[in-house]
Structures are given as C-alpha cells and as structure tokens.
Amino acid sequence: MSETQTQGVNSVEIAVTVLDAIAELGASARAIDIARLSGLSKSRLHKYLVSLCRSQLIYQDPETSLYSLGNKLSLLGEEAKSQNGLIITINNALCQLRDELNISTGLAVIVNDVPTLTHYNRSNKNIELDYKDNTPLPLANSAAGKIFLTFSERFKHQAIIDAEEKAHILQLGYSMRLSETEGIPGARAIACPIFNTAKKLLGSAVIMGILPDDRSEMQRLAERLLNAIKGIHIN
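The sections below set out a description of the structure shown in this document. Predicted model, so just to flag it, every value in this text is computed and none were measured.

Another point: the nonpolar core. Formed by 24 residues in total, the largest nonpolar core has its most connected members in Ile-90, Ile-190, Ile-207, Leu-221, Leu-225 and Ile-229. Secondary structure elements with two or more residues in this core: α5 (71-101), β7 (187-195), β8 (201-210) and α8 (215-230). For this core, the leading source of residues is α8, giving seven residues. Not counting residues up to four positions away in its chain, the partners in contact with Leu-225 are Leu-94, Leu-97, Ile-190, Ala-191, Cys-192, Ala-205, Val-206 and Ile-207. Within the second largest apolar cluster, 19 residues are counted, among which are Leu-137, Leu-149, Phe-151 and Phe-155.

What follows is the structure in structure tokens.
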C-alpha cells in the first residue's frame, strides 16, 4: 500500500462522520442526537460543529439551535456531479476510440499529487496488458506523467524532464513513451492533455498497451487520440 493511501488526517474523517450523522437525522438535527450517531462526546462534537458552521458545510438555526447541512455542500455536490459527468463523457469517447482501433485507452488524473490511471479500457486483443483502475503512474517514465509535468501548474517548477523535451511536447500537443516497459515487449503509450474552456488541465487521455514500434504509425495514433479529445464539448 502506498504512503498516500496509509496517511491521512483523522479530524477530516471525524468531520465526515458528523456530516453523515446530520444527513441521516434530516433537516433538524439535535446536537445530542448527532453525538449519539457519530460516537463523539458533547464537548468534542461542539468543536466540530463550530468549525463546520464556520465553513458553511452545516447550518445552525439561531432560533431552535438545530443543525442541518449547509448550502456549500449543495454547491460542492453540483460541482462533483458536473466533473463526474465530464469524466464519463471523456471516457466514453476513449472507449469509442478503443473500439475503432482495437487498442487499449485510458484516462489519468491527479490523485493525492500522483498521476493515476482512473479508467482503463482494454482492447479485444488476445494478448494485451492489463491494468487495474486507480493505478499510480510515474511522472517521468510514463506518457501521461510527462503530460502533467508539461501542462500542469502543479508541476511546472519541477525539473524532472528537461526543457527541450517539454518544448517538444508543447509543440506536438502529446507525449510518447517509445521505450518498452522492462520485461514487456511492445509496451508503449501515447498521451495528450485534456483542458476545459478556461485552459485548465483536467487530465490526460492515453493510448496504451502493445503498440507498434514504427514512429510514423505512433504519430498516426497520436493524431487519432488528439482528434477524439477535440471532438468532446468540455465546459
């Protein structure tokens, strides 16, 4: 298990437990009932209620002193719904590209500061690489990782790949991993960035698996990937 999976902030998990308790109790939750459901003492619960009210994640009625979920949760929920819908739209396009080319595709995003393959769409080839969803990807040694190093504000100050390689990726609009994965002949990848209309990097689309070693053929596949992403309406 990775370090990012084992570490965490206990107070955040407790705050979520408090939110879950209020959601279960409905729009008019008493502190005593929240304490019972969350397993917290009244004094400890009070600190969480104050912070959650201050963050507008919950609301306390000044007349009844009862608690309910706050408006900010509704806004965050709508944003999450929008982002999830966008992920589905992008991955559907990648599934269509997989079916057209019979080549595996994937979608990578940043999870806990790590490029992560959240969706893997396997080809129908008899022999193919298999990846689990939520597989971490190396920044410097993966096509998707180089996309984040080149286009993401989060990593722009990290000199993991040289300026010449970054400039080449910027010029082409995609990155390639032409060297084979150790011990897996033919394992190569192509990745391109996914932006929203505000030019913010959302993630990286990937063609991956057993790919040809001919550079011109790889360039043709890269163009197909770019065209698939350009055809998506992204807000």
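A contiguous nonpolar patch, built from Val-9, Val-12 and Val-16 and spanning about 240 Å² of accessible area, is present on the exposed surface. Structurally, Val-9 is set in the loop between α1 (3-6) and α2 (10-25).

The next thing to look at is the packing of α2 against helix α3 (residues 31-38). As a packed pair, α2 and α3 sit with axes 9 Å apart at the nearest point and diverge in direction by 120°. Taken together, the axes of α2 and α3 lie oblique to each other. α3 is crossed by α2, and the crossing has right-handed handedness. In this structure, α2 contributes Thr-17, Val-18, Ala-21, Ile-22, Glu-24 and Leu-25 to the contact, and α3 contributes Asp-33, Ile-34, Arg-36, Leu-37 and Ser-38. Per-class residue counts for the contact of α2 with α3 are six nonpolar, two polar and three charged.

The rules behind the values
- Residues numbered from 1 in each chain as written.
- Predicted model: local features only at pLDDT ≥ 70, side-chain atom pairs only at ≥ 80, totals over all residues.
- Heavy atoms only, no water.
- Core = buried A, V, L, I, M, F, W, Y, C linked by side-chain atoms within 4.5 Å.
- Buried < 20%, exposed > 50% of the residue type's maximum accessible area, 1.4 Å probe, protein only.
- Helix = DSSP H or I, 4+ residues; strand = E, 2+ residues; numbered from the N terminus.
- Contact = heavy atoms within 4.5 Å.
- Patch = residues over 30% accessible without salt bridge, like charges linked within 9 Å, V, L, I, M, F, W, Y side chains within 5 Å.
- Areas by Shrake-Rupley, 256 points an atom, 1.4 Å probe, with all protein chains shown as cover.
- Salt bridge = Lys/Arg side-chain N within 4 Å of Asp/Glu carboxyl O.
- Axes fitted to C-alpha atoms, helices over the stretch in contact; angles between N-to-C directions.
- Parallel < 35°, antiparallel > 145°, perpendicular 65-115°, else oblique.
- Left-handed = near helix turned anticlockwise from the far one by under 90°.
- Nonpolar A, V, L, I, M, F, W, Y, C, P; charged D, E, K, R; others polar.

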